Amino acid sequence: MKVSVIGTGYVGLVTGTCFAEMGNQVICVDNNVQKIENLKKGIIPIFEKGLKEMVEDNVEHKNLLFTTDTKDAINNSEIVFIAVGTPMDEDGSADLKHVTGVAREIGENMEKDLWIVNKSTVPVGTAQLVHNEIAKALEKRNATFKFEVISNPEFLKEGDAVADFMQPDRVVVGARTPEAFEVMHKLYKPFMTKNDRFITMDTASSEMTKYASNAMLATKISFMNEMANICERVGANINMVRHGIGSDSRIGYSFIYPGAGYGGSCFPKDVQALIKTANNYHYRPRLLEAVEAVNKNQKEVLGTKISKYFDGNLKDKTIAVWGLAFKPGTDDMREASSVTLIEYLISQGASVKVYDPEAMPIAQEHYFASETKISYAMDKYDALSNADILVLVTEWKEFRSPDFEFIKGKLKYPAIFDGRNQYDDIELGKLGISYFQIGV
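How each quantity is defined
- Residues numbered from 1 in each chain as written.
- Predicted model: local features only at pLDDT ≥ 70, side-chain atom pairs only at ≥ 80, totals over all residues.
- Heavy atoms only, no water.
- Helix = DSSP H or I, 4+ residues; strand = E, 2+ residues; numbered from the N terminus.
- Rg over C-alpha atoms; globule rule 2.2 N^0.38 Å.
- Buried < 20%, exposed > 50% of the residue type's maximum accessible area, 1.4 Å probe, protein only.
- Contact = heavy atoms within 4.5 Å.
- Areas by Shrake-Rupley, 256 points an atom, 1.4 Å probe, with all protein chains shown as cover.
- Pairing = 2+ DSSP bridges.
- Axes fitted to C-alpha atoms, helices over the stretch in contact; angles between N-to-C directions.
- Phe/Tyr/Trp six-rings, centres within 6.5 Å; stacked < 30°, edge-to-face > 60°.
- Salt bridge = Lys/Arg side-chain N within 4 Å of Asp/Glu carboxyl O.
- Disulfide = S-S within 2.5 Å.
- Core = buried A, V, L, I, M, F, W, Y, C linked by side-chain atoms within 4.5 Å.
- Polar contact = N/O pair within 3.5 Å; in protein donor to acceptor, adjacent residues only side chain to side chain.
- Expected span 1.5 Å × (residues − 1).
- Parallel < 35°, antiparallel > 145°, perpendicular 65-115°, else oblique.
- Left-handed = near helix turned anticlockwise from the far one by under 90°.
- Nonpolar A, V, L, I, M, F, W, Y, C, P; charged D, E, K, R; others polar.

A. Structural detail: the overall build of the chain. Each helix and strand in the chain was counted, giving 17 helices and 14 strands. The C-alpha radius of gyration computed for the chain amounts to 24 Å, which stays within 12% of the reference 22 Å derived for 440 residues, consistent with globular compactness. Principal axes of the C-alpha set define a box for the chain whose edges measure 75 × 45 × 45 Å. Every one of the 440 residues in the chain was classed for burial, and the buried ones make up 54%. Residue pairs at least 24 apart in sequence account for 72% of intrachain contacts in the chain once pairs closer than 6 positions are excluded. Counting only carbon and sulfur atoms, one obtains 50% of the accessible surface of the chain, whose full area is about 20300 Å².

Structure representation (structure tokens):
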């Protein structure tokens with residue numbers, strides 16, 4: 001099938017590339033000229049396992065093209081995906097200016113009947129909003145081309161997005177007509193050869209499904225962090241509690257790991273957007289408010305523990321930090337716990353030496369560009385040079401089995417603060433390393 005994807009951010013690039021991988025003719029569109037030129041050269045703006053190779057392969061086989069020409073792209077397509085960003089507005093709602101802007105551009109330039117698919121994460125009612133924008137633009141032109149706006153939310157995990165797209169748990173489609181469901185099923189059928197998990201519903205329910213999914217996962221994380229904080233105060237061990245409750249098939253082990261709080265481009269933004277949507281309809285979502293409040297507080301837990309260890313005096317201390325990305329497998333630092341921690345440590349007079357296998361360029365360019373009290377290590381052990389203590393923030397695989405004897409020898413104070421509860425406290429105790437976990 002002939003597909004165009006407008007927006008080459010995280011969702012758009014993965015979506016377009018994976019459709020091309022299945023033999024579709026895909027045109028990815030972006031108004032950022034430099035980004036498009038880089039993509040043509042194989043320079044990928046995000047780190048995502050397997051994506052670079054897949055882009056290069058499909059560009060070589062001419063299944064995947066990159067352009068800034070929206071008009072040419074949509075008029076050489078049967079299906080047009082909108083995959084632009086919906087950043088959080090000042091009031092917590094999703095900013096839809098990019099989505100509505102693309103909708104107008106489609107209406108101003110389409111010269112044939114089209115299926116319009118909204119892949120961006122958007123609040124309930126956006127499909128109708130996009131429909132109205134396209135219809136208004138067509139009316140101004142006295143054009144009568146037929147179109148339908150379809151909702152098709154993404155459920156990609158950063159770090160595993162390509163695998164998630166190629167082997168989806170489910171494909172949710174919201175539409176009005178049987179023809180729309182049919183064309184979307186045809187497009188996705190190659191991805192569901194073993195199990196047909198194609199779920200159909202109305203557009204409002206489809207839009208809500210995305211927010212509800214992320215809110216549920218965020219709730220599980222905040223719940224476990226709440227339990228961790230209680231465990232720490234009553235003398236229980238959250239790691240043991242997690243095993244105890246996870247064995248219940250009604251609960252399971254997914255997303256019940258305590259930590260330093262959730263981050264990334266989805267959970268924080270989507271929880272706040274859902275709160276705003278509820279408020280707009282005169283409903284106060286108290287549970288979601290609590291989820292957000294617990295997460296905000298959780299990002300301060302590591303800093304509080306470190307400050308307490310040094311009796312409230314962090315001046316002239318050097319803190320080694322392993323991990324910057326909000327989770328392993330990505331270079332995304334949006335809403336990352338590491339940012340909150342590092343900003344706090346520096347504000348208290350400490351210097352920070354960090355290492356992350358992927359996110360350090362992002363940190364240098366966007367988060368700490370002018371900060372003089374942060375330095376970047378060549379590897380995880382280089383980060384320990386002249387450091388007082390070590391803090392683990394992101395659970396990259398290369399941090400799972402380090403040389404603890406070496407770590408002890410490098411640190412001025414043999415102490416590890418673990419924001420992900422990765423290590424064995426008994427083993428570290430035998431080595432004489434003080435070990436501080438979340439909820440223990």
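B. Molecular detail of the sheet that holds strand 14 (residues 434-436). Taken in spatial order, the 6 strands line up as 11-10-9-12-13-14 in an open sheet, and their pairing is parallel. Edge positions in the sheet fall to strand 11 (374-376) and strand 14, since each has one partner strand and no second. Taking each pair of neighbouring strands and ignoring which way they run, the sheet shows an average axis angle of 20°. Sheet topology places strand 10 (residues 351-355) next to strand 11; 3 bridges connect them, and they run parallel. In the sheet register, Lys-353 faces strand 11, and the bridge partner there is Ser-375. Contacts between helix 13 (residues 301-309) and the sheet are confined to strand 12 (389-392), strand 13 (415-418) and strand 14, with strand 13 contributing the most and set at about 160° to the helix.

C. Spotlight on the packing of aromatic side chains. A full pass over the atoms with the stated rule returns 21 aromatic pairs. Ring geometry for Phe-19 versus Phe-191: centroids 5.8 Å apart, planes at 75°, classification edge-to-face. Here Phe-19 is found in helix 1 (residues 10-21), whereas its partner Phe-191 is found in the loop between helix 8 (178-188) and strand 8 (198-201), with 172 residues between them in sequence. By the burial criterion, Phe-19 is buried, and Phe-191 matches it. Here a set of aromatic residues connected by ring pairs shows up, and it is made of Phe-19, Phe-81, Phe-165, Tyr-188 and Phe-191.

D. Spatial organisation of the pattern of salt bridges. Counted under the stated rule, the structure contains 20 salt bridges. The salt bridge involving Glu-289 is made with Arg-284; its shortest N-O contact spans 2.9 Å. Using a relative accessible area of 25% as the deciding quantity, one classes Glu-289 as partly exposed. Using a relative accessible area of 47% as the deciding quantity, one classes Arg-284 as partly exposed. The network of salt bridges with common partners includes Arg-104, Glu-133 and Lys-136.

E. Region of interest: the side chain of Asn-225. Following the sequence through the fold, Asn-225 ends up in helix 9 (residues 203-234). Residue Asn-225 is classed as buried on the basis of its relative accessible area of 1%. Not counting residues within four places of it along the chain, the set of residues in contact with Asn-225 comprises Pro-258, Gly-259, Gly-261, Val-294 and Gln-298.

F. Region of interest: the state of the cysteines. Inspection of the entire model under this criterion finds 0 disulfides. The thiol of Cys-266 is unpaired, and the distance to the nearest cysteine sulfur, on Cys-18, comes to 16 Å.

G. Up close: the nonpolar core. Ranked by size, the top nonpolar core spans 57 residues in total, and within it Ile-306, Trp-322, Val-391, Ile-416 and Tyr-423 carry the most contacts. The element best represented in this core is helix 14 (residues 337-347), accounting for 5 residues. Once residues within four sequence positions are removed from consideration, Tyr-423 is found in contact with Trp-322, Leu-392, Phe-399, Arg-400, Pro-402, Phe-404, Ile-416, Asp-418, Leu-428, Tyr-435 and Gln-437. Of all hydrophobic cores here, the second largest spans 41 residues; its members include Val-26, Ile-36, Phe-81 and Ala-83.

H. Layout of the side chain of Thr-330. Along the chain, the position of Thr-330 falls in the loop between strand 9 (318-322) and helix 14. A polar side-chain atom of Thr-330 sits 3.1 Å from the main-chain amide nitrogen of Asp-332. When sequence neighbours within four positions are dropped, the list of residues in contact with Thr-330 reads Phe-47, Glu-158, Gly-159, Ala-325, Glu-358 and Trp-396.

I. The arrangement of helix 1 in detail. The terminal C-alpha atoms of helix 1, which comprises 12 residues, lie 17 Å apart, in line with the 16 Å expected from a rise of 1.5 Å per residue. Within the span of helix 1, buried status applies to Tyr-10, Val-11, Gly-12, Leu-13, Val-14, Thr-15, Gly-16, Thr-17, Cys-18, Phe-19 and Ala-20. Two residues or fewer after helix 1 comes Gly-23, characterised by a positive phi angle close to 95°.

J. Looking closely at unusual backbone geometry. Here Glu-335, not a glycine, exhibits a phi torsion of approximately 60°, which is positive. Along the chain, Glu-335 turns up in the loop between strand 9 and helix 14. Backbone geometry places Asn-386, a non-glycine residue, at a positive phi of 65°. Among the structural elements, Asn-386 can be located in the loop between strand 11 and strand 12.

K. Region of interest: helix 2 (residues 33-40). Among the residues of helix 2, the N-terminal cap falls to Asn-32, whose side-chain oxygen and the backbone nitrogen of Gln-34 are separated by 3.1 Å. Immediately downstream of helix 2, the backbone of Gly-42 shows phi near 85°, a positive value.

L. Examining the packing of helix 9 against helix 12 (residues 286-298) more closely. Put simply, helix 9 and helix 12 touch, their axes get as near as 9 Å, and they point 55° apart. Considered as vectors, helix 9 and helix 12 are oriented oblique to each other. Like other packed secondary-structure pairs, helix 9 and helix 12 cross with a definite hand, here left-handed. Across the interface between the two elements, Ala-215, Ala-218, Thr-219, Ser-222, Asn-225, Glu-226 and Asn-229 of helix 9 pack against Leu-288, Val-291, Val-294, Asn-295 and Gln-298 of helix 12. For the contact of helix 9 with helix 12, the residue count by class is 5 nonpolar, 6 polar and 1 charged.

Everything listed is a geometric property; what it means functionally is a separate question.
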